[in-house]
Structure formats: C-alpha cells, structure tokens
Amino acid sequence: MHPRSITVLPEVSRRLGELLADKEAVIRVLGELRHHLQNQAAGSRANRDDAQPDFLFTVPIRVLLRGRWRFIRFSVNDTTSPDHFFVEAVSLSD
C-alpha cells in the first residue's frame, strides 16, 4: 500500500502562520506533521476529534515557542479519500 498524500488546506497554513508568527517554526511544524502522518498515522487515527469524530482525527505536535512548550493540534480528515489526508483545522494550546 502506498502512503497517502497530505493536503494542508490554505486556511490552515494561514492560521498556523498567525499562531506561530515565525516562518521557520511554521516550516518545522509542517515538516513534523508530514513525518507523523507518513509514519505514525495509524496510532493517531484512534484519537478522534471531539467536534467531528466521524471525519477527523487529531495530531498533536509539541513546539517550543518563545521559551515555552506548546501544543499545536491539527484536525485531519481521513474519510474523504482513501488516498489522502486533508488537514482541515489547527489550534494552539498549553
């Protein structure tokens, strides 16, 4: 089975840029997200998104931001296509 393609929706990329306010951090976090989805998605797919559990699962990425560890949580749609992960939402928390 070939790996799924990963599509980060433009509004997610924009929001991530707003949340992090650091282009290098955005690139690093998106790289970690892609790595996670390509190599560890099976484990995360059980972690369903409370808002839309039938469609989305959550991937947390830990990042050091301005001297503080924070979690970036991505909501990923794994039901629209058997060949794609669609990253549909992002949030930042402690």
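Because the structure is a prediction, the values reported are computed rather than measured.

## Things to note about the pairing of strand 1 (residues 5-8)
Working step 1: On strand 1, burial follows the alternation: Ile 6 and Val 8 on one face are buried, whereas Ser 5 and Thr 7 on the facing-out side are not.
Working step 2: Alignment of strand 1 against strand 4 (residues 84-93), held across four bridges, turns out to be parallel. The residue of strand 4 that forms the bridge with Ser 5 is His 84.

## Some thoughts on helix 2 (residues 23-39)
Working step 1: Taking 1.5 Å of rise per residue, the 17 residues of helix 2 would be expected to cover 24 Å, and the 24 Å separating its terminal C-alpha atoms lies within 8% of that figure.
Working step 2: Within helix 2 the residues assigned to the buried category are Ala 25, Val 26, Val 29, Leu 30, Leu 33, His 36 and Leu 37. Within helix 2, the buried residues cover an arc of 130° as seen down the axis, which keeps them to one side. Among the exposed residues of helix 2, those oriented more than 90 degrees off its buried face are Lys 23, Glu 24, Ile 27, Gln 38 and Asn 39.
Working step 3: Buried residues in helix 2 make contact with strand 1, helix 1 (10-20), helix 3 (41-44), strand 2 (56-65), strand 3 (68-77) and strand 4.
Working step 4: The N-terminus of helix 2 is capped by Asp 22, whose side-chain oxygen sits 3.0 Å from the backbone nitrogen of Glu 24.

What counts, and where the lines are drawn
Residues numbered from 1 in each chain as written. Predicted model: local features only at pLDDT ≥ 70, side-chain atom pairs only at ≥ 80, totals over all residues. Heavy atoms only, no water. Buried < 20%, exposed > 50% of the residue type's maximum accessible area, 1.4 Å probe, protein only. Helix = DSSP H or I, 4+ residues; strand = E, 2+ residues; numbered from the N terminus. Pairing = 2+ DSSP bridges. Expected span 1.5 Å × (residues − 1). Arc of directions from axis to C-beta. Contact = heavy atoms within 4.5 Å. Polar contact = N/O pair within 3.5 Å; in protein donor to acceptor, adjacent residues only side chain to side chain.

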